[in-house]
Amino acid sequence: MSKTKRTIILILALLGAALLAGRHAVYGITFTLTLAGLGCLGLALLTWLTGPFRRPGARRAQRIAWTLIAILLIAGVVSFVWIESLILGGRGGAPVDDARVLVVLGAGLRGTTPSAILASRLRVTQAYLDAHPDCVAVLTGSQGDDEGMTEARAMADWLERRGIDESRLYLEEKAHNTAQNVKYSLALLEQEGLTGPVMVVSSEFHLYRAGRIFGRYGMDVASLPAPTPQIGLVPLNSYLREYCSVVVMGIKDVFGIDE
């Protein structure tokens, strides 16, 4: 292997390691930095694997490797365009004016403070609850490793400080992901005897996947979109992460994996 190729491999490996080590340094782009870091490490490995080895059949092996890589890249681009079109198609939501129950999906906290994405969801929730005094809200989300309380509790505190009575708020504090958000929230609705039209509240980029998961339970729910914060690379990070989440959801559906 040439000195130039070894240098490229070293640079890619160091850059990948640096991106992974610093992925939490900038708010809102952790996933993007993680993806970029893994991509650099993958390119370093790929460069090494496709290097000129002095052994019989090396050229044939390289041709096969590059063919497989090309197929994977084409499949990735096609799936990305297709899935992002579905995500973008659902971002307008399907809000209604007669919801009796809002299911507000959690997002990250910064300590005990709602992140910009979660705060956006809470603002549209507050506006709807203020305009519809008979409507109640199920707030769903557990406590992450770097969070000071459950997301549901943080959401309740945020809304109560802005005049929403605690009697209108029901907390679901066990869910660790969107599938569990939906599953446990529906169980809470049944437990508390909450009936009437249900509307899910989440970020615009999240509504397609949320609707798919509600569909597993035979529910075609209305949806109220929250704007994606236009902060730095937050929109890019959000849509990239959502693409990967939809792919993982599809794989789990194919193999019947319950969450």
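Calculation notes
Residues numbered from 1 in each chain as written. Predicted model: local features only at pLDDT ≥ 70, side-chain atom pairs only at ≥ 80, totals over all residues. Heavy atoms only, no water. Helix = DSSP H or I, 4+ residues; strand = E, 2+ residues; numbered from the N terminus. Polar contact = N/O pair within 3.5 Å; in protein donor to acceptor, adjacent residues only side chain to side chain. Contact = heavy atoms within 4.5 Å. Buried < 20%, exposed > 50% of the residue type's maximum accessible area, 1.4 Å probe, protein only. Lys, Arg positive; Asp, Glu negative; His and termini not counted. Salt bridge = Lys/Arg side-chain N within 4 Å of Asp/Glu carboxyl O.

If you trace the backbone, Thr178 turns up in helix 6 (residues 178-192). Side-chain polar atoms of Thr178 contact the side chain of Arg209, separated by 3.4 Å. Once residues lying within four places of it in the same chain are set aside, the contact partners of Thr178 are Leu105, His206, Arg209, Ala210 and Ile213.

A few words now on the environment of Ile117. Note that Ile117 resides in helix 4 (residues 116-131). Here Ile117 falls in the buried class, since its relative accessible area comes to 15%. Taking C-alpha positions, Ile117 is 9.1 Å from Ser202, a pair spaced 85 residues apart along the chain.

What follows is about the side chain of Glu151. Looking at the element boundaries, Glu151 is found in helix 5 (residues 151-161). Buried charge without a salt bridge: Glu151, with Arg121 as the nearest opposite-charge side chain at an N-O distance of 6.9 Å. Beyond its immediate stretch of four places on either side in the chain, Glu151 contacts Gly106, Ala107, Gly108, Leu109, Gly141 and Ser142.

The analysis is restricted to geometry; functional conclusions fall outside its scope.
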